[in-house]
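Letter by letter, the chains look like this.
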Amino acid sequence: MEDRNFECPVRDKINTYCSCPKTDCERHGICCECIVAHKNRIDDPIIKRFPHCLRDLVKEAIGK
């Protein structure tokens, strides 16, 4: 996802439903980039390795 010319064809639609509070993020609305960026945060707590939109599911799965 290094190519910043990448454009998600459904970005506007995704942004309508995106729960991430960081609307100024360059990846906001480009889920594939967001997932890869979070997955690569290997030094962060496990919950931060998932995008904001998936954290409730992770908390539910680990019983928090």
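About the thresholds
Residues numbered from 1 in each chain as written. Predicted model: local features only at pLDDT ≥ 70, side-chain atom pairs only at ≥ 80, totals over all residues. Heavy atoms only, no water. Helix = DSSP H or I, 4+ residues; strand = E, 2+ residues; numbered from the N terminus. 1 Å grid on protein atoms, 1.4 Å probe; cavity = no way out; pocket = protein on both sides within 12 Å on 5 of 7 lines; lining within 4 Å. Points joined across faces, edges and corners; volume = space filled by probe spheres on them. Nonpolar A, V, L, I, M, F, W, Y, C, P; charged D, E, K, R; others polar. Salt bridge = Lys/Arg side-chain N within 4 Å of Asp/Glu carboxyl O. Contact = heavy atoms within 4.5 Å. Patch = residues over 30% accessible without salt bridge, like charges linked within 9 Å, V, L, I, M, F, W, Y side chains within 5 Å. Areas by Shrake-Rupley, 256 points an atom, 1.4 Å probe, with all protein chains shown as cover. Lys, Arg positive; Asp, Glu negative; His and termini not counted. Charge placed at Lys NZ, Arg CZ, Asp CG, Glu CD. Buried < 20%, exposed > 50% of the residue type's maximum accessible area, 1.4 Å probe, protein only. pLDDT = per-residue confidence, 0-100. Disulfide = S-S within 2.5 Å.

Engineer: What am I meant to see in the environment of C18 here?
Structural biologist: By the secondary structure assignment, C18 is in the loop between α1 (11-17) and α2 (31-39). Along the sequence, C18 and C53 sit 35 residues apart, while their C-alpha atoms lie 7.0 Å from each other.

Engineer: Would you explain the layout of surface pockets in this entry?
Structural biologist: Over the atoms, a rolling probe the size of a water molecule traces out where space has been left empty. Computed from the structure, the largest pocket encloses a volume of approximately 420 Å³. Along the walls of the largest pocket sit 22 residues, with C20, C34, H38, P51 and H52 positioned nearest its centre. Here the lining of the largest pocket is built from residues that sort into 13 nonpolar, four polar and five charged.

Engineer: For this particular structure, what's the right way to read the pattern of salt bridges?
Structural biologist: One side chain can pair with another of opposite charge once the charged atoms of both are near each other. Within this structure, the stated rule accounts for one salt bridge. Here R41 and D44 are joined by a salt bridge, their closest N and O atoms 2.6 Å apart.

Engineer: Would you mind showing me how to read the side chain of H38 here?
Structural biologist: Secondary-structure assignment places H38 in helix α2. With residues near it in sequence (within four places) discarded, H38 still touches K48, R49, F50, P51 and R55.

Engineer: Would you explain a positive patch on the surface in this entry?
Structural biologist: On the surface, K22, K48, K59 and K64 cluster together into a positively charged patch. Examined against the element boundaries, K22 turns out to sit in the loop between α1 and α2. On the basis of relative accessible area, K22 is assigned to the exposed category, the value being 55%.

Engineer: How do you make sense of the confidence of the model for the chain when you look at a structure like this?
Structural biologist: Low-pLDDT portions of the prediction should not be read for the details of their coordinates. On average, the chain scores 86 in pLDDT, and the residues at 70 or more come to 91%. For the chain, per-element mean pLDDT is lowest for α1, which scores 83, and highest for α2, which scores 91.

Engineer: How should I be thinking about the state of the cysteines in this particular structure?
Structural biologist: Covalent bonding between the sulfur atoms of two cysteines is what defines a disulfide. This structure, assessed with the given rule, holds zero disulfides. Free of any disulfide, C20 has its nearest neighbouring cysteine sulfur in C18, separated by 5.2 Å. Exposure remark for C20: the relative accessible area of 22% places this residue in the partly exposed category. Take C53: it sits in no disulfide, and the sulfur closest to it among the cysteines is that of C31, at 6.0 Å.

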